[in-house]
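Below are the chains, spelled out letter by letter.
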Amino acid sequence: MDQVDVSSLVEDLRAKGIDVIRVSYPDLIGVDRGRDVLIDELQSVMGHGIAFCRAVYHTTPMGDVVPVQGGIESGLPDISARPDLTTLTNLPWEPGAAWCLADTSVLGGLAAEESPREVARRVSAKLSELGVSAVIGPELEFYLLEPDSSSPTGWSRYADQPGNVYVVGRKGDPRGMLLTMLRNMRDASLQVTAANHEFSPGQFEINLNHSDLLDAADRAFRMKSAVQEIARHEGMLATFMAKPFNEEGGSGFHLHISLVDADGTNVFGDPAGVDGLSATGRAAIAGVLAHAPALAAILNPTINSYKRFGPDTLAPWLIDWGLDNRSAMVRIPPERGGAARMEVRLGDATANPYLAMAAVSAAIYLGVRDTLEPAAPLEGYGYDPESAPMLPQSLPEALDALEADTALAEVLGEFFVNSFLTYKRNEVERFSRFVTDWEFREYAYHL
């Protein structure tokens with residue numbers, strides 16, 4: 001955007017009572033990083049960008065810097081974040097503020113290769129080489145928690161009564177948090193479509209409209225940030241942790257994905273094809289199945305993620321697909337024609353939206369490029385380990401699968417994959433040295 005455009009934009013925003021622009025971008029694990037900029041400084045920021053230490057990409061949730069390439073080893077250099085004003089939107093829960101995303105570059109102006117937005121762009125470009133693009137509708141689950149001084153964690157589940165799955169109104173949401181979030185996110189132009197109380201007490205889901213890969217990832221990233229911020233305004237904690245409670249189910253991140261051609265026509269389905277699917281659609285499914293072990297590292301990216309898996313959880317356990325079968329890793333919903341799609345149920349809510357969508361789309365690219373064909377679809381309930389290969393059962397196993405999948409790494413970008421593996425293996429190492437409450441409970445008294 002040129003100088004005149006920025007000047008006009010500033011005047012328009014000022015007339016609406018906006019005096020601050022929040023400029024943010026996702027780090028490697030999807031945390032919302034950024035800076036609040038006074039509107040008078042926007043013109044300058046568009047010229048020179050905002051400087052951040054590159055190691056912010058590689059910072060743990062506890063605030064430690066992991067020695068990922070380009071960070072500590074290079075003397076902790078800067079990256080420059082430039083606002084992408086095409087993403088500018090309202091920030092309804094922060095009066096007087098607007099919100100836009102940023103793209104980051106290293107010295108010389110090249111994009112930072114570990115930037116999740118850049119990874120998503122890279123995969124989109126690969127799909128376009130095949131004449132298709134991915135259209136994605138994200139579904140994200142989360143828990144709402146309230147302060148509780150009697151709890152070891154300091155938090156307990158909000159509205160902690162059983163059996164409220166899909167109930168509406170104040171019965172399962174006495175403070176009306178879901179409607180507050182839905183309306184705020186609508187006003188932030190995030191294209192939310194619906195929200196509901198999920199299966200477990202205090203668990204909710206918000207659905208987003210479908211759009212192309214990068215836009216869908218932008219909106220899912222912002223939706224997670226919005227949920228967390230709105231909860232904090234109410235003195236609550238929203239967590240997208242995969243499985244925060246032993247006795248309750250985990251939180252998923254399901255992706256409804258179709259493929260369209262250059263004219264926007266859905267090419268996933270075919271009325272004359274087997275099961276109403278086109279050869280392209282079947283190849284896309286086969287690509288996701290073929291690369292599922294590596295995908296697990298990115299779509300289930302924490303130690304805790306693998307406690308969500310297992311029989312009778314409605315989370316996947318095996319590498320399989322089925323026709324309108326929610327016990328399969330890849331479900332093909334019953335709609336066909338323009339609504340033909342697959343629902344990839346592998347991911348949990350801790351996944352970075354950009355990386356999750358990019359990784360699945362990279363697997364689709366490889367499946368379509370190599371004209372893969374999936375095995376027969378699952379029949380019945382999908383937790384029989386004799387029926388299909390098992391997904392990785394731990395983060396180290398999944399990371400090894402990602403490292404071994406050189407084809408997927410080439411599409412995602414080897415710099416990014418190496419950075420991700422270094423970061424996550426550091427996480428595994430730190431956990432292996434940490435004494436847990438379970439260990440003390442299990443061993444201290446008798447041993």
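What counts, and where the lines are drawn
- Residues numbered from 1 in each chain as written.
- Predicted model: local features only at pLDDT ≥ 70, side-chain atom pairs only at ≥ 80, totals over all residues.
- Heavy atoms only, no water.
- Phe/Tyr/Trp six-rings, centres within 6.5 Å; stacked < 30°, edge-to-face > 60°.
- Helix = DSSP H or I, 4+ residues; strand = E, 2+ residues; numbered from the N terminus.
- Buried < 20%, exposed > 50% of the residue type's maximum accessible area, 1.4 Å probe, protein only.
- Expected span 1.5 Å × (residues − 1).
- Polar contact = N/O pair within 3.5 Å; in protein donor to acceptor, adjacent residues only side chain to side chain.
- Salt bridge = Lys/Arg side-chain N within 4 Å of Asp/Glu carboxyl O.
- Pairing = 2+ DSSP bridges.
- Axes fitted to C-alpha atoms, helices over the stretch in contact; angles between N-to-C directions.

**A short note on the packing of aromatic side chains**
For the structure on display, the rule yields twelve aromatic pairs. With a centroid separation of 5.2 Å and 75° between ring planes, the pair formed by Y25 and F52 is classed as edge-to-face. With Y25 in strand β1 (residues 20–26) and F52 in strand β3 (residues 50–53), this pair connects stretches of sequence that are 27 residues apart. There is no split in this pair, since Y25 and F52 are both buried. On the numbers, 5.1 Å between centres and 75° between planes, the contact of Y143 with F245 is edge-to-face. Within this pair, whereas Y143 is found in strand β6 (residues 133–147), its partner F245 is found in the loop between β11 (237–239) and β12 (253–260), the two being separated by 102 residues in sequence.

**A few points about helix α8 (residues 353–369)**
Over its 17 residues, α8 runs 24 Å from end to end, which matches the ideal 24 Å to within 8%, given 1.5 Å per residue. Of all the 17 residues making up α8, 16 are buried; the element is thus mostly covered by neighbouring parts of the structure. With a side-chain oxygen lying 3.1 Å from the backbone nitrogen of Y354, the N-terminal cap of α8 falls on N352. Once α8 ends, the next one or two residues include T371, with phi positive near 45°.

**Observations regarding the pattern of salt bridges**
The final tally for this structure, using the stated rule, is 27 salt bridges. We note a salt bridge from E234 to R175, for which the minimum N-O separation is 3.6 Å. Highlighted residues: E234 in the loop between α5 (213–233) and β11 and R175 in the loop between β7 (155–157) and α4 (177–187), separated in sequence by 59 residues. Taken together, the shared-partner salt bridges connect D84, D103, R117, R121 and D218 into one network.

**As for the sheet that holds strand β5 (residues 97–105)**
The mixed open sheet is built from five strands, whose spatial order is β2-β1-β5-β4-β3. Lying at the two open borders of the sheet, with one neighbouring strand each, are β2 (32–38) and β3. Going from strand to strand, the sheet's axes swing by 40° on average, the running direction of each strand aside. Pairing of β1 with β2, which is carried by seven bridges, proceeds in the antiparallel orientation. In the sheet register, Y25 faces β2, and the bridge partner there is R33.

Nothing here speaks to function; it is geometry throughout.
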